[in-house]
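Results of the structural survey
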Amino acid sequence: MRAVLRVVNRVLIGIVGLVLLVIGGSVLAVGLGLDPPSWWIHDSRHDVLLSDAERTRWRGDGWWWPTVLAVLAVLVLLALWWLTANLRRRRLAEVLVDTGDGEGALLRGRALENVLEGEAAGGAGVQRARVHLTGRRSTPETRVRLLLEPHVDPGTALNDLTTQALAHARNSAGLAQLPTEVRLKGVKHRAERVS
């Protein structure tokens, strides 16, 4: 869902930006004295974007108001979906731990994130680690970002993360599995001179 939201945000911002750029550019070009094509919405420097005749052209037709209302309803629904998708909490507040007695215990999500971050950052060659819990409280997922020191083998850092920090978190929370998305990034450093 997050990837879809990211794409929708970028597409909407791109479309709105393109429309504003075209309209603003055309108004600027006509205002500076450029002769527009005959089909363009502006005729001269003193022309307005929408005249009274253009704004009221279809008011008397039977299809006009149902179409306007339908388009506005769709735009409102899309805006509400976009708003709720952006405002929804992305972090998992708690993880349900199976205690084995038919009951369950709740583990704070931030506590598990902090422990995972600390153990991941303590790995060899890891300068900084960031962990976010997502998913449902009975089936959590993690997103881990590791900032690696120069000359560290990413495969070794990934293996250390999965066999140590993630394995400990999975076992201590009593989870059968803990799906994880790991992003590795190297620290920026100057090029070394070879002599």
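Residues numbered from 1 in each chain as written. Predicted model: local features only at pLDDT ≥ 70, side-chain atom pairs only at ≥ 80, totals over all residues. Heavy atoms only, no water.

**Thoughts on the pairing of strand 1 (residues 94–98)**
Because side chains alternate across strand 1, one face comprises the buried residues Val95 and Val97, and the other comprises Glu94, Leu96 and Asp98, none of which is buried. Of the pairings in the sheet, the one linking strand 1 to strand 2 (residues 104–108) comprises five bridges and is antiparallel in character. In the sheet register, Leu96 faces strand 2, and the bridge partner there is Leu106. In this structure, the hairpin formed by strand 1 and strand 2 is closed by a connection of five residues, where Gly100 is found at a positive phi of approximately 90 degrees. (Buried < 20%, exposed > 50% of the residue type's maximum accessible area, 1.4 Å probe, protein only. Helix = DSSP H or I, 4+ residues; strand = E, 2+ residues; numbered from the N terminus. Pairing = 2+ DSSP bridges.)

**Considerations on a nonpolar patch on the surface**
Together, Val4, Leu12, Val76, Leu77, Leu80, Trp81, Trp82, Leu83 and Leu87 line one region of the surface with nonpolar side chains, adding up to about 860 Å² of accessible area. The element that contributes the greatest number of residues to the nonpolar patch is helix 3 (residues 64–87), accounting for seven residues. Here Leu77 is to be found in helix 3. Residue classification places Leu77 among the exposed residues on the basis of a relative accessible area of 59%. (Patch = residues over 30% accessible without salt bridge, like charges linked within 9 Å, V, L, I, M, F, W, Y side chains within 5 Å. Areas by Shrake-Rupley, 256 points an atom, 1.4 Å probe, with all protein chains shown as cover. Salt bridge = Lys/Arg side-chain N within 4 Å of Asp/Glu carboxyl O.)

**Section: the nonpolar core**
Formed by 21 residues in total, the largest nonpolar core has its most connected members in Leu112, Leu116, Leu146 and Leu161. For this core, the secondary structure elements donating two or more residues are strand 1, helix 4 (109–121), strand 3 (126–135), strand 4 (140–148) and helix 5 (154–172). A per-element tally of this core places helix 5 first, with five residues. Filtering out sequence-adjacent residues up to four positions away, Leu116 remains in contact with Val131, Thr142, Ala165, Leu166 and Ala169. (Core = buried A, V, L, I, M, F, W, Y, C linked by side-chain atoms within 4.5 Å. Contact = heavy atoms within 4.5 Å.)

**As for helix 5**
Here helix 5 contains 19 residues, and its C-alpha end-to-end distance of 26 Å stays within 8% of the 27 Å for a straight helix at 1.5 Å per residue. Approximately 35 degrees is the largest bend angle found in helix 5, and it occurs at Leu166. Of the residues making up helix 5, those classed as buried are Ala157, Asp160, Leu161, Ala165, Leu166, Ala167 and Ala169. Check the buried side of helix 5 and you find it contacts helix 4, strand 4 and strand 5 (180–186). A positive backbone phi angle near 70 degrees is found at Gly174, which sits one or two residues after helix 5. (Expected span 1.5 Å × (residues − 1). Bend = angle between axes of the 7 residues up to and from the residue.)

**Topic: empty space enclosed by the protein**
What the rule picks out here adds up to one cavity of 30 Å³ or more. Space inside the largest cavity adds up to approximately 70 Å³. For the largest cavity, the full set of lining residues is Glu119, Ala120, Gly123, Val126, Leu146, Ala157, Asp160, Leu161, Gln164 and Ala165. At the level of elements, helix 4 and helix 5 are the ones that each hand at least two residues to the lining of the largest cavity. Per element, the largest residue contribution to the lining of the largest cavity is five residues, and it comes from helix 5. Considered class by class, the residues forming the lining of the largest cavity number six nonpolar, two polar and two charged. (1 Å grid on protein atoms, 1.4 Å probe; cavity = no way out; pocket = protein on both sides within 12 Å on 5 of 7 lines; lining within 4 Å. Points joined across faces, edges and corners; volume = space filled by probe spheres on them. Nonpolar A, V, L, I, M, F, W, Y, C, P; charged D, E, K, R; others polar.)

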